[in-house]
Amino acid sequence: YQGKRGTNGIVVYSGATAGQPHQWLVVQAELRHALERDELILHYQPKVALPGGDVCGVEALVRWQHPERGLLPPGEFLPAAEHSGLIVPLTEWVLRRALADQLGWTATGHDWALSVNVSARNLEVPGFAGLVLDLLAEAGIPSHRLVLEVTETALAADADEAARAVAELSAAGVGVSVDDFGTGYTNLSHLRGLPITEIKIDRSFVTDVVRDPESQAIVRSVIELAHGLGSRATAEGVETEEVRRWLADAGCDEAQGYLFSRPVPWTQISAQPHLEGVSR
Ligand code: C2E
Ligand code: MG
Ligand code: MG
Ligand code: MG
């Protein structure tokens, strides 16, 4: 319970109220309706190849077009979705919607890969890998054009079911990305033997990388780790040209961030966002 009591005794909630247990119940009930009423939407943030800057993929990021509260970011409702198990139908909705959108951009001549975030909870549900492969087959999209982003903690959880799901998906050609790398609870031994195709360097290390020697050491090591494991290194949260240049010089493969584009509907993504100066 972290709501602040105002001077009149009324409890004032901050934006983080979705984290409060009783508030979760409200969010849960509303979210169930939101799924039925199609109130969720997907925005996409491009991933660009370094140093060139061409878009090589897009990441789907869910938002909730709430009838009263406006457009809500995932931090406002994902904790409640995970807590309640609604994350299972939510992820299925995201996958269906995103694969349909991918057919749209493919039809307009773009071969961008699609990245979708999945929660630890999803990986633990038996049959998750089969569902993903069925959805790909239904859409007629080759599995190598889908990447699932999973946090370190989800991968490190000693869940056999999760490990099996990741193995089955990667054997079928689906990419596996470790999201927010460096912030979780890193047991590097968990990375051994995992079929990882990408490591995403957390924004907290990227932001100060031009000036902070410790961030530089960490980012360089993660790039080397990614390459040593045979995967790509992608930097999150690139906001300035000097950060982009530093990362390109350090051998980082791909980048994402407001410098190139904020998350937007896919129809607003241009093929070379930083060259065309879209949505800075
Ligand atoms: P993430 O997967 O690490 O996504 C990156 C987040 O950083 C996004 O926030 C994005 O808008 C933001 N971002 C990107 N570039 C920059 C930048 O240059 N500067 C700054 N300050 N921020 C940047 P968003 O959309 O609020 O998503 C937050 C998190 O919610 C995501 O982190 C992801 O973990 C989760 N999420 C989003 N969509 C889904 C989904 O469909 N399913 C699941 N399970 N999780 C999702
Ligand atoms: Mg992500
Ligand atoms: Mg991330
Ligand atoms: Mg992040």
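Please read all numbers here as calculations on a predicted model, not as lab measurements. (Residues numbered from 1 in each chain as written. Chains lettered and ligands numbered in written order. Predicted model: local features only at pLDDT ≥ 70, side-chain atom pairs only at ≥ 80, totals over all residues. Heavy atoms only, no water.)

Turning to helix α3 (residues 87-107), a few remarks are in order. Here α3 contains 21 residues, and its C-alpha end-to-end distance of 30 Å stays within 8% of the 30 Å for a straight helix at 1.5 Å per residue. One or two steps after α3, the chain reaches G109, where phi turns positive at roughly 95°. (Helix = DSSP H or I, 4+ residues; strand = E, 2+ residues; numbered from the N terminus. Expected span 1.5 Å × (residues − 1).)

Moving on: the side chain of E254. Its location among the elements puts E254 in strand β11 (residues 254-255). Assessed through its relative accessible area of 10%, E254 is described here as buried. Polar side-chain contacts of E254 include one of 3.3 Å to the side chain of K47. Ignoring any residue separated from it by four or fewer positions in sequence, one finds E254 in contact with K47, V48, A49, L50, C56, E198, R232, A233, T234 and A235. (Buried < 20%, exposed > 50% of the residue type's maximum accessible area, 1.4 Å probe, protein only. Polar contact = N/O pair within 3.5 Å; in protein donor to acceptor, adjacent residues only side chain to side chain. Contact = heavy atoms within 4.5 Å.)

The next subject is the nonpolar core. Ranked by internal contacts, the top residues of the largest apolar core, which has 76 residues, are Y44, V116 and L247. Among the elements that take part in this core, α3 stands out by supplying eight residues, more than any other. Sequence-distant contacts of V116, defined by excluding residues within four places in its chain, comprise A60, V94, L95, A98, L146, V147, L148 and E149. (Core = buried A, V, L, I, M, F, W, Y, C linked by side-chain atoms within 4.5 Å.)

Close contacts around ligand 1 come from 22 residues, with R63, N117, D179, E239 and Y258 the closest. A distance of 3.0 Å is found between an oxygen atom of ligand 1 and a side-chain nitrogen or oxygen belonging to N117. Within the contact set of ligand 1, a nitrogen atom lies 2.5 Å away from a side-chain nitrogen or oxygen of E239. When ligand 1 sits alone it has 800 Å² of accessible area, and the protein chains cover 82% of it. When atom positions are compared with the pocket grids, ligand 1 is found to occupy the largest pocket. Taken together, the elements giving at least two residues each to the shell around ligand 1 come down to β4 (55-66) and β8 (175-181). Here the residues of the shell around ligand 1 sort into nine nonpolar, five polar and eight charged. (Near = heavy atom within 4 Å. Areas by Shrake-Rupley, 256 points an atom, 1.4 Å probe, with all protein chains shown as cover. 1 Å grid on protein atoms, 1.4 Å probe; cavity = no way out; pocket = protein on both sides within 12 Å on 5 of 7 lines; lining within 4 Å. Sits in = over half its atoms within 2 Å of the grid points. Nonpolar A, V, L, I, M, F, W, Y, C, P; charged D, E, K, R; others polar.)

Turning next to the coordination of the magnesium ion (ligand 2). Here the magnesium ion (ligand 2) is held by the protein donor atoms E59 (OE), N117 (OD1), E149 (OE) and D179 (OD), which lie 2.0 to 2.2 Å from it. Mapped onto the sequence, the residues coordinating the magnesium ion (ligand 2) show the spacing E-x57-N-x31-E-x29-D. Between the magnesium ion (ligand 2) and the magnesium ion (ligand 3), both coordinated by D179, there is a metal-metal distance of 3.7 Å. Taken together, the residues span a long stretch of sequence, with E59 in strand β4 and E149 in strand β7 (residues 146-151) at a distance of 90 residues. Take E149: its relative accessible area is 1%, and that puts it in the buried class. (Donors = N, O, S within 2.8 Å, 3.2 Å for Na, K, Ca; no water.)

This paragraph deals with the environment of E239. Within the element layout of this structure, E239 appears in the loop between β10 (232-235) and α10 (241-249). Overall, E239 belongs to the partly exposed group, its relative accessible area being 45%. Separated by 23 residues in sequence, E239 and R262 place their C-alpha atoms 10.0 Å apart. When near neighbours in sequence (up to four residues on either side) are disregarded, E239 contacts Y258 and L259.

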